[in-house]
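Topology and contacts: notes
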Amino acid sequence: MKVLAAGVVPLLLVLHWKHGAGSPLPITPDNATCATRHPCHSNLMDQIRNQLVQLNSSANALFILYYTAQGEPFPSNLDKLCRPDVTDFPPFHANGKEKARLVELYRIIAYLGASLGNITRDQKVLNPNALSLHSKLNATSDTMRGLLSNVLCHLCSKYHVANVDVAYGPDTSNKDVFQKKKLGCQLLGKYKQVIAVVAQAFQTGDLEAYSDPRS
Amino acid sequence: MGARSSGAESMEPRALLLTQKPEPMALFAFFQTILLLVSLSLRTCQSEVLSEPLPLTPESLDVSINSAQRCLHLQWRVHSLAYHQELKMVFQIEISRINTSNVIWVDYYSTTVKWNQVLHWSWESELPLECATHFVRIRSRVDDARVPEPRFWSNWSSWKEVNEQNSLGHKASSVFPVDKLVEEGSNVTICYISRSHQNNVSCYLDGVRMHVEQLDPNVSAFHVNNVAFVRETGTNIFCEMDPKDDAGTVLFVSKVLEEPKDFSCETQDFKTLHCTWDPGSDTSLVRKQPYQSYTLFESFSGEKRLCEHKNWCDWQIAQDSQEMYNFTLVAENYLRKRSVNILFNLTHRVRPMTPKVFFKNISATNATMTWRVHSTGNHRTLLCQIELHGEGKVIQQHNASIKVNGEYLLSELEPDTQYMARVHCGDANHFWKWSEWSGENFTTLEAAPSEAPDVWRDVKSELGNRTVTLFWKPLSKSHANGKIRFYNVIVENLDKPSELEPVPIPAPANHTKLALDQCSYRIHVTANNSVGTSPASVIVISGDPGNQVEEERVNVTADGFSLSWKPQSGDVTGYVVEWCDRPQDGSCDLQWENLGPNTTSTVISSDAFRPGVRYNFRIYGISTKRIAYLLEQKTGYSQELAPLVNPQVVMSNLTSHSFTLSWKDYPTETQRSFIRGYHVYLKPKEGQCHPGFEKAALSDNSVCCKYKIDKPEQKTFVVENLQPESIYEFFVTPFTSVGEGPLDAFTKVTTPDEHSHLLIRIILPTVFCVVLIMIVCYLNSQWMKEKCYPDIPDPYKSSVLSLIKSKENPHLTIMSVKDCIPDAIEVINKPEGSKIQFSGTRNSLTETEITKPAYLYLLPAEKNYSGPGPCICFENFTYNQAASNSGSCGHVPVPPTAPSQRGLLTSLENLLKALEKNYMNSQGEIPAGETTLNYVSQLASPMSGDKDSLPTDPPVPALCSEYKMQMAIPLGLASPPLSENSSVSSVTLLDQGDHHH
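As a convention, each chain's residues are numbered from 1 in the sequence order in which they are written. Throughout, the order in which chains and ligands are written sets their labels, letters from A for the former and numbers from 1 for the latter. In keeping with the model being predicted, local features are shown solely for residues with a pLDDT of at least 70 and side-chain atom pairs are shown and tallied solely at 80 or more, while totals for entire chains, interfaces and linings include all residues. Side-chain descriptors were evaluated using all non-hydrogen atoms of the structure, hydrogens and water having been removed beforehand.

Starting at the N terminus, helices and strands are each numbered in turn, a helix being any DSSP run of H or I of at least four residues and a strand any DSSP run of E of at least two. Tallying secondary structure elements over chain A gives six helices and zero strands in all. When its helices and strands are written in sequence order, chain A yields α-α-α-α-α-α. Contacts between residues were defined by any pair of non-hydrogen atoms, one from each residue, lying within 4.5 Å. Contacts in chain A between residues far apart in sequence, at least 24 positions, make up 81% of those at least 6 positions apart. Accessible surface, chain A as shown: approximately 10000 Å² in total, 56% of it carbon and sulfur. Values of accessible area rely on a 1.4 Å probe in the Shrake-Rupley scheme; residue burial ignores everything except the protein chains shown.

Between chain A and chain B, the contact holds 21 residues from the first and 20 residues from the second. Note on definitions: buried area is the accessible-area loss of two parts on being combined, 1.4 Å probe, summed for both. In total, chain A and chain B occlude about 1600 Å² of area from one another, counting both sides; carbon and sulfur atoms represent 54% of this. Salt bridges are defined by distance alone: a side-chain nitrogen of Lys or Arg within 4 Å of a carboxyl oxygen of Asp or Glu. At the boundary of chain A and chain B, one finds three salt bridges. We define a polar contact as two N or O atoms separated by no more than 3.5 Å, with the added condition that, inside protein, one atom must be a possible hydrogen donor and the other a possible acceptor, whereas residues neighbouring each other in sequence contribute only through side-chain atom pairs. If you look at where chain A meets chain B, you find eight residue pairs in polar contact (both at pLDDT 80 or more). If you list the elements that add at least two residues to the side of chain A that touches chain B, you get α3 (78-81), α4 (98-126) and α6 (177-211) of chain A. For the side of chain A that touches chain B, the leading source of residues is α6(A), giving six residues. Residues are sorted three ways: Asp, Glu, Lys and Arg are charged, Ala, Val, Leu, Ile, Met, Phe, Trp, Tyr, Cys and Pro are nonpolar, and all the rest, Gly among them, are polar. Of the residues in the side of chain A that touches chain B, the class split is eight nonpolar, six polar and seven charged.

A few words now on the nonpolar core. Core analysis: the largest hydrophobic core is formed by 58 residues, its most contacted members being Leu52(A), Leu102(A), Leu105(A), Leu155(A), Leu188(A) and Tyr191(A). Counting residues per element, the ones that place at least two in this core are α2 (44-70), α4, α5 (131-159) and α6 of chain A together with β16 (245-254) of chain B. Dropping the residues within four chain positions of it, Leu105(A) is found in contact with Ile48(A), Leu52(A), Phe92(A), Val151(A), Val198(A) and Phe202(A). Within the second largest apolar cluster, 28 residues are counted, among which are Val455(B), Leu470(B), Trp472(B) and Leu630(B). Here, the term nonpolar core denotes a set of buried Ala, Val, Leu, Ile, Met, Phe, Trp, Tyr and Cys residues that are joined through side-chain atoms within 4.5 Å. Note on exposure labels: buried denotes an accessible area under 20% of the residue type's maximum, exposed denotes more than 50%, and partly exposed covers the range between, all computed with a 1.4 Å probe on protein chains only.

This brings us to a nonpolar patch on the surface. Residues and elements named next belong to chain B. Among the surface-exposed residues, Leu759, Ile760, Ile762, Ile763, Leu764, Val767, Val771, Ile775, Tyr778 and Leu779 lie close enough to one another that they form a single nonpolar patch of about 1000 Å² accessible area. Its location among the elements puts Leu764 in helix α5 (residues 756-779). On the basis of relative accessibility, which here comes to 53%, the residue Leu764 falls in the exposed class. Like-charged residues within 9 Å of one another, or nonpolar side chains (Val, Leu, Ile, Met, Phe, Trp, Tyr) within 5 Å, are grouped into patches, provided each residue has over 30% relative accessible area and no salt bridge.

This is the structure:
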């Protein structure tokens with residue numbers, strides 16, 4: 001439960017403070033009212049796209065930094081120890097409609113944000129001297145929080161979606177040290193893989209959206 | 001496999017924990033023993049009873065697991081013992097792994113068993129207990145001396161299965177132990193278990209593959225002996241197998257906790273004991289083990305204190321004046337404890353506090369240092385050590401014994417010098433440690449300079465005056481005794497005593513110039529600082545210009561220039577050797593060295609000396625009157641170098657058999673070594689060397705002839721015995737002890753023809769003479785012209801005349817003009833008042849009025865003359881030189897209507913047109929119709945000098961039969977203008993291209 005208190009719960013409290021915390025968030029019916037704390041920016045999609053590009057551009061460096069900090073055998077056994085086998089990772093359909101993609105993006109970022117919180121917490125204990133890794137993890141978490149907020153804002157303002165069911169990764173607090181390292185590596189490997197697809201999808205999707213009215 | 005962990009191969013029991021329950025009723029036990037012995041002795045007597053074993057079988061065996069410690073804990077009872085019965089027994093324990101037949105451990109545990117006692121025994125497995133199922137069984141045997149032999153083992157208890165429940169959990173595979181903390185150097189067994197049967201298992205320790213042993217189809221294990229510390233975040237262990245499955249763990253290897261070193265305690269104030277130690281290695285591991293803790297325990301007081309710092313701890317001294325202390329310092333981490341102990345008397349562990357230092361009464365050579373040591377209790381006697389530092393070195397060391405305050409006089413100090421004095425103290429009775437050093441800097445005061453400056457001079461005489469440059473060396477710090485502010489120079493005329501005026505020269509100047517006459521002067525130089533004046537340095541500049549000495553060469557050694565000179569008898573108070581450190585760049589940088597009167601040699605060395613530079617050394621003797629006189633002069637090189645330049649050779653006196661080479665401008669003094677001579681290289685045409693030359697190979701491997709000139713002062717050389725009209729190449733280079741000059745290009749010279757000099761001797765004067773004559777002739781050309789080839793020859797001077805006279809007609813004479821009568825002259829028109837104005841660059845006629853008939857017809861006297869045609873040419877022997885010289889000639893306009901001259905007139909018109917066209921602008925006005933040719937006749941005017949009229953009496957035509965045309969020019973262009981007084985002898989018209997006479 002410590003991890004819930006330290007990582008996930010504050011995140012949820014920040015993002016969904018009006019609705020309480022902890023419980024999965026169902027998609028709000030279209031006709032439901034949706035209110036945001038602050039008015040959304042007019043260029044939210046641009047911001048979302050830029051944030052995705054930013055995350056995508058730093059994901060590989062974060063991955064390398066992570067497995068290097070764990071020591072052998074991680075760097076030399078990436079295919080075994082860091083393969084992106086995250087079974088409960090939220091799906092993403094790049095060819096879906098924007099609303100569906102945004103909902104899926106929300107779930108992914110929520111999942112990744114919680115997992116990054118766990119990884120950051122674990123690494124501060126397991127590798128207290130890996131300061132660059134900590135810094136990179138924190139920066140990525142910050143960007144994810146902003147992205148999550150933007151996606152929610154956009155969903156709410158454009159599609160009147162206030163709540164989205166989200167799922168989180170496994171709690172690693174009671175795992176042994178090796179498992180923590182391995183799960184973190186797998187998650188970051190998965191993150192690197194997924195964020196590339198998502199960022200590409202939103203870049204392409206936007207272009208399609210721009211071209212749609214003409215067609 | 002497990003023998004190492006317990007070390008119990010022996011028959012000795014390997015019990016980790018044994019609990020006995022003593023019976024309080026000893027008396028009752030005694031009777032029980034007696035009863036037992038009686039019973040046993042009775043049984044001994046009965047043979048049928050002796051053969052039966054005692055039924056003392058272990059019962060109620062219970063096995064528990066401590067996975068973290070990898071321990072199995074066994075407990076059991078022996079129920080068959082009688083009440084309060086005690087019996088010495090031996091228990092045999094067997095441990096099997098995976099299955100009961102795989103016995104991995106057999107141990108014996110011997111103890112005295114009491115009635116109803118629970119017996120305990122533990123076993124530590126080297127294999128993590130999660131890795132495999134273990135089985136345990138036990139049996140016993142009486143091992144009591146009271147029981148006679150033979151003694152038999154009881155039956156085995158049933159196998160007790162020990163299994164770490166659900167060690168895999170939900171995982172498919174795992175590696176054990178999990179996150180285990182071990183000490184560096186220990187042995188560890190790691191196992192890999194999986195739900196599926198294992199195949200081709202690979203395990204890695206920090207990336208290094210380990211040798212894996214398969215224990216059963218689902219379990220593999222490997223051993224790590226003497227495990228090493230890798231990093232404080234743990235060592236990763238990773239196992240994988242086919243089909244794809246993997247697991248890992250982290251082994252936390254801690255460094256071995258070391259015993260604290262250099263543990264000691266001391267006090268400065270008898271209130272606190274300050275204990276310090278060296279903790280050794282840091283055994284902390286991230287997340288697994290904190291830094292080792294240190295605890296201080298004092299046995300006399302029984303007090304304990306957990307230290308907050310790694311390497312020191314303060315202990316409050318009790319008020320009850322405890323003198324003896326027995327400290328134990330315990331270092332502890334999760335794996336082990338280490339401790340050290342010290343016992344001491346408090347008064348023997350006193351380290352005084354750091355003194356506070358002050359200085360007073362600082363003078364030029366002394367200073368008093370005072371210090372105070374704060375109370376160490378009971379006014380203990382302290383031993384203090386004082387150090388005086390100067391220029392970073394300890395120059396004085398003193399000891400002092402004090403109570404609280406100390407004072408020490410530091411003497412023999414240098415004036416104006418910065419020192420640092422420091423002090424530290426220790427307990428004099430029971431010395432333990434010195435206190436911290438405490439020191440301060442101080443500077444002594446200045447004193448008057450203690451020595452006269454070292455003065456030397458350079459005298460240059462010029463036009464009866466002398467310029468004396470005084471040089472002095474700055475005083476050393478030990479002699480200056482402060483900052484030198486100025487130098488006083490006093491010049492005393494020895495010939496004309498006068499008042500002495502000191503001239504102050506501000507420091508740091510090291511020289512001054514004085515302009516002196518030819519008198520003798522005594523010069524006093526003193527150095528002055530803020531306190532006083534140094535002794536004077538005296539030098540006398542004599543009016544005597546001094547003597548000249550021969551220059552000698554100086555020997556050079558590895559240490560420098562080795563100079564020696566002849567000892568001077570008499571009143572020599574010392575010698576001075578002077579030289580220039582930088583003679584090569586003209587700045588000289590005069591240096592000198594003072595030497596004692598008994599010294600006759602020295603070695604001069606300087607960092608400024610450079611190879612290839614000639615240094616001159618002058619050795620002076622100093623008389624008792626302080627007059628310096630030159631003794632010897634030496635020159636040399638610190639290192640000779642080969643010359644860099646060759647002489648510029650001038651070739652002269654070239655003949656067909658010799659030429660002269662000279663290089664008189666080549667300076668030998670400024671070369672990089674002593675010139676020993678010159679080599680003259682000659683490349684003869686024939687390849688044969690001339691007498692005196694020898695064959696030599698040059699540095700470019702070419703061969704030529706070489707002539708060696710041994711005298712460096714010889715700077716000319718005559719190359720003789722040459723062949724005329726031959727090409728020779730020569731090259732001159734100096735040679736020294738270290739080699740020749742550079743190999744330069746040869747200069748070619750071609751010897752002339754053998755007779756060419758004769759030709760030159762003849763032709764040149766001849767040409768000179770001709771040129772001279774030509775110049776003279778040119779300068780006197782007019783004279784010559786007149787004399788040799790006048791424009792109008794004087795018939796009287798004509799050679800023809802003589803020829804004619806001599807050969808043909810000896811009676812022939814020159815015709816007189818007066819005697820010449822023209823055939824006929826008809827005046828057909830006489831224009832009145834006609835004017836012709838001429839102007840030109842050469843000749844000008846301002847105005848000419850022709851008052852006489854202007855048109856004349858010259859009619860030939862001969863009968864066969866028929867109009868225009870070739871003229872009859874004849875020589876005019878009647879030419880009047882006077883008329884010619886007058887530069888005038890008459891001209892008569894010829895009327896264009898002359899009937900007999902039609903053709904001539906036509907041509908004349910054309911000519912006039914051309915003249916008009918060409919000269920109209922420049923010739924001034926010429927009246928129309930009056931333009932005509934001017935014919936200058938050779939006929940001398942019989943009326944020469946007549947200004948008014950044409951000859952009234954023309955010459956007889958019969959006599960005037962032969963004429964020669966002299967010139968035909970346009971009117972007014974080249975001919976002299978016709979003036980009124982000009983006389984016209986004859987006038988005619990010229991046809992174009994024809995001559996009429």
